[in-house]
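The lines below spell out each chain.
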Amino acid sequence: MTELNNSLIHQSAAALSAKLIAREVSAVEVTQAHLDRIADVDGQVNAFLHVNAEEALAVASDVDAIRAAGGEAAAGLHDLAGVPIAVKDLIVTVGQPTTAGSKILEGWHSPYDATVIRKLRAAKMPILGKTNLDEFAMGSSTEHSAYGPTRNPWDLDRIPGGSGGGSAAAVAAFEAPLALGTDTGGSIRQPGAVTGTVGMKPTYGAVSRYGAIAMASSLDQIGPVSRTVLDSALLQEVVGGHDPYDSTSLSDPFDNLVTAARTGNVAGMKIGIIKELHGEGYQAGVENRFNESLELLREAGAEIVEVSCPNFQYALGAYYLIMPSEVSSNLAKFDGVRYGLRVLPKDGPMTIERVMGATRAAGFGDEVKRRIILGTYALSAGYYDAYYGSAQKVRTLIQRDFDAAFAQADVLISPTSPTTAFKLGEKLDDPLAMYLNDVATIPANMAGIPGLSLPGGLADEDGLPVGIQLLAPARQDARVYRVGSVLESLLEEKWGGPLLAQAPVLGSSSTIAGGSK
Ligand code: GLN
């Protein structure tokens, strides 16, 4: 790897944008550096299911031509024009396959672009490719992908989190400065936590879901993955905003995110520790890093208070009724007729039901089947009130807990995940143990509020990244960016640079592991 490439892949998106605008580097050089990095390390990491080199370079060279010509067209370019990005393979893209990590969509191409993809294209951000995920975004480790697991760049024998492990690992391994993920119960934030990257789940409706293959529509949210808090804010401003194609899309402008990330200050703010989301059941090293962050925020002038959200103890249970119920309905469309795979029954009559059955039996993995069965059961006539109905009541109670907590604090804080990255295979045969990774992230989806995870340091016992989660009331995304950027700079001051500078060096010839801002 050349020195230039090596320096380019370690830059933040904000730094790349400044260099591109100043024409110190070309968009083709930046894009090629990342494609070279993917070629160098993705055999180890398996973050990408598809690499889109030709189209990414074409977009980059278009940006370079416009900048070289100058004038109005160059002035009209978006600041992130020429900054490459990776996209979770749950988001549909014209010209590239979309698999959702499933055999049932192997080789399928969408006839239309998701709204977020349209926005990336309008901003002329080269799309490097599609990243690996748990099948249909169901999982916490990316081991449920039909295309093999992604590995954690910090330790290749460990999981990168899930379901968006591919996006997080791509950003952590310097294969992309930015990525898009989706978060239904934590799939942006938990992979962020265990890979030492930043992940943001925006307010429900802040970013259009049009073209994100639905897992559980009332919980799903697209959001940014990055190495800095500012970069996530920059990306959310590109992809966010009202979309007439998504009836749940908000009309709020959400245009103050970058300003909030740049002008962070926590003096006088009240930050609430959620009593139920730390302590017992959380790894000691996670707890230590969490306490350290609290101390830094206190020193910076924030008032730390404790809040209680007693109904959070039922959040996981309610989520595993509401989510599968919506899954069972959303995944009914994969019927062997309209999309992707079609498997014909081996013998017997060729009825549509039997083709559907054979296709779904062969095309879906075990975790997806488990959730479809669970959801179908929970929604069935005799059990609807006992299961789905009760879970919806719990959802309301969780929202009320948040309302009460935000009456006492501007922002809430917790560890993002109870543990650091576990070993591949460790929880694969124990669905409950897998589900427990999301205890701290699920409440935000149940209430539709924004949540950011940022690196909080390395756990003492295993030297692996710990994530800190910040939560704000719905529509107050700017607030988590503001507090997040303050905490990030306090922590980086302490570490003497970004946390990822301490990650092991991957690839054949990378000389520095860490990044500069
Ligand atoms: N890990 C959680 C689950 O398995 C969350 C998934 C997600 O956010 N897409 O459902």
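The shown structure was predicted, so the numbers you read here are calculated from the model rather than taken from an experiment.

**Focus on the overall build of the protein chain**
Next, step 1: Broken down by element type, the protein chain carries 18 helices and 11 strands.
Next, step 2: At 22 Å, the protein chain has a C-alpha radius of gyration in line with the 24 Å of a compact globule built from 517 residues.
Next, step 3: Considering only C-alpha atoms, the protein chain reaches an extent of 65 × 50 × 45 Å along its principal axes.
Next, step 4: Sorting the 517 residues of the protein chain into buried and exposed places 61% on the buried side.
Next, step 5: The long-range share in the protein chain, meaning contacts at least 24 apart out of those at least 6 apart in sequence, stands at 77%.
Next, step 6: Carbon and sulfur atoms provide 53% of the accessible area of the protein chain, an area that totals close to 18,100 Å².
Next, step 7: In the protein chain, which carries 41 positive and 58 negative side-chain charges, the distance between the mean positions of the two groups comes to 4 Å.

**Looking at the site of the ligand**
Next, step 1: Residues in close proximity to the ligand total 15 residues, the closest being Thr-184, Gly-185, Ser-187, Tyr-319 and Asp-438.
Next, step 2: A distance of 3.2 Å separates an oxygen atom of the ligand from a polar atom in the backbone of Gly-186.
Next, step 3: One nitrogen or oxygen atom from the side chain of Tyr-320 is found 3.4 Å from an oxygen atom belonging to the ligand.
Next, step 4: The protein chains hide 100% of the 290 Å² of surface that the ligand would expose on its own.

**Topic: the pattern of salt bridges**
Next, step 1: In this structure the tally under the stated criterion is 17 salt bridges.
Next, step 2: Residues Asp-183 and Arg-189 are paired through a salt bridge, measuring 2.9 Å at the closest nitrogen-oxygen approach. Of the two residues, Asp-183 and Arg-189, neither departs from the other in class, the shared state being buried.
Next, step 3: One network of salt bridges, in which partners are shared, links Arg-289, Glu-292, Asp-460 and Lys-494.

**Considerations on the nonpolar core**
Next, step 1: In this structure, Leu-120 and Phe-136 are the most contacted members of the largest nonpolar core, which totals 137 residues.
Next, step 2: With near-sequence residues (within four places) excluded, Leu-120 lies in contact with Ile-85, Val-87, Met-125, Ile-127, Leu-180, Leu-235, Val-238 and Val-239.
Next, step 3: Val-41, Phe-48, Leu-128 and Ala-170 belong to the second-largest nonpolar core, a separate cluster that totals 17 residues.

**Some remarks on the sheet that holds strand S7 (residues 270-274)**
Next, step 1: Strand order across the open sheet formed by 11 strands is S1-S3-S2-S4-S6-S5-S10-S11-S9-S7-S8, with mixed pairing between neighbours. Two strands close off the open sheet at either side, each with one partner strand: strand S1 (48-51) and strand S8 (303-307). Ignoring strand direction, the axes of neighbouring strands in this sheet form an average angle of 25°.
Next, step 2: The pairing of strand S4 (residues 178-182) with strand S6 (residues 222-226) spans five bridges and is classified as antiparallel.

**So, the confidence of the model for the protein chain**
Next, step 1: On average, the protein chain scores 96 in pLDDT, and the residues at 70 or more come to 98%.
Next, step 2: Within the model, pLDDT remains below 50 along residues 511-517, and this stretch shows 25 contacts once partners closer than five positions in the same chain are excluded.

**Let's talk about the packing of aromatic side chains**
Next, step 1: Following the criterion strictly, the structure yields 15 aromatic pairs and no others.
Next, step 2: Arranged with centres 4.6 Å apart and planes meeting at 25°, the rings of Tyr-377 and Tyr-383 form a pair that is stacked.
Next, step 3: Here the aromatic rings of Tyr-383 and Tyr-387 are separated by 5.9 Å at their centres, their planes lie at 35°, and the arrangement is tilted.
Next, step 4: The structure contains a cluster of three or more aromatic residues connected by ring pairs, namely Trp-108, Phe-136, Phe-334, Tyr-339 and Phe-364.
Next, step 5: The cationic tip of Lys-427 hangs over the ring face of Phe-422; the distance from NZ or CZ to the ring centre is 4.3 Å.

**A closer look at the environment of Val-355**
Next, step 1: Tracing the backbone through its elements, the reader meets Val-355 in helix H13 (residues 352-363).
Next, step 2: The buried category is assigned to Val-355, whose relative accessible area is 10%.

**Let's talk about unusual backbone geometry**
Next, step 1: Between Gly-162 and the following residue, Ser-163, the backbone shows a cis peptide bond with an omega angle of 5°.
Next, step 2: Position of Ser-163 relative to the elements: it lies in the loop between strand S3 (127-131) and helix H7 (165-172).
Next, step 3: At Lys-124, a residue that is not glycine, the phi angle is positive and equals roughly 55°.
Next, step 4: As for its placement among the helices and strands, Lys-124 is situated in the loop between helix H6 (115-122) and S3.

**Some words on the packing of helix H11 (residues 284-299) against helix H18 (residues 477-495)**
Next, step 1: Interaxial distance between H11 and H18 falls to 10 Å at its minimum, and their mutual angle equals 105°. When the axis of H11 is compared with that of H18, the two are roughly perpendicular. Contacts from Glu-292, Ser-293, Leu-296 and Leu-297 in H11 reach Val-483, Leu-487, Leu-490, Leu-491 and Lys-494 in H18.

**Concerning the side chain of Thr-195**
Next, step 1: By secondary structure assignment, the location of Thr-195 is in helix H8 (residues 189-195).
Next, step 2: A polar side-chain atom of Thr-195 sits 2.9 Å from a polar atom in the side chain of Thr-197.
Next, step 3: Every residue in contact with Thr-195, bar those within four places of it in the chain, is listed here: Asn-152, Trp-154, Pro-160, Ala-168, Ala-169, Ala-172, Pro-465 and Leu-500.

Basis of the calculations
- Residues numbered from 1 in each chain as written.
- Predicted model: local features only at pLDDT ≥ 70, side-chain atom pairs only at ≥ 80, totals over all residues.
- Heavy atoms only, no water.
- Helix = DSSP H or I, 4+ residues; strand = E, 2+ residues; numbered from the N terminus.
- Rg over C-alpha atoms; globule rule 2.2 N^0.38 Å.
- Buried < 20%, exposed > 50% of the residue type's maximum accessible area, 1.4 Å probe, protein only.
- Contact = heavy atoms within 4.5 Å.
- Areas by Shrake-Rupley, 256 points an atom, 1.4 Å probe, with all protein chains shown as cover.
- Lys, Arg positive; Asp, Glu negative; His and termini not counted.
- Charge placed at Lys NZ, Arg CZ, Asp CG, Glu CD.
- Near = heavy atom within 4 Å.
- Polar contact = N/O pair within 3.5 Å; in protein donor to acceptor, adjacent residues only side chain to side chain.
- Salt bridge = Lys/Arg side-chain N within 4 Å of Asp/Glu carboxyl O.
- Core = buried A, V, L, I, M, F, W, Y, C linked by side-chain atoms within 4.5 Å.
- Pairing = 2+ DSSP bridges.
- Axes fitted to C-alpha atoms, helices over the stretch in contact; angles between N-to-C directions.
- pLDDT = per-residue confidence, 0-100.
- Phe/Tyr/Trp six-rings, centres within 6.5 Å; stacked < 30°, edge-to-face > 60°.
- Lys NZ or Arg CZ within 6 Å of the ring centre and 35° of its normal.
- Parallel < 35°, antiparallel > 145°, perpendicular 65-115°, else oblique.

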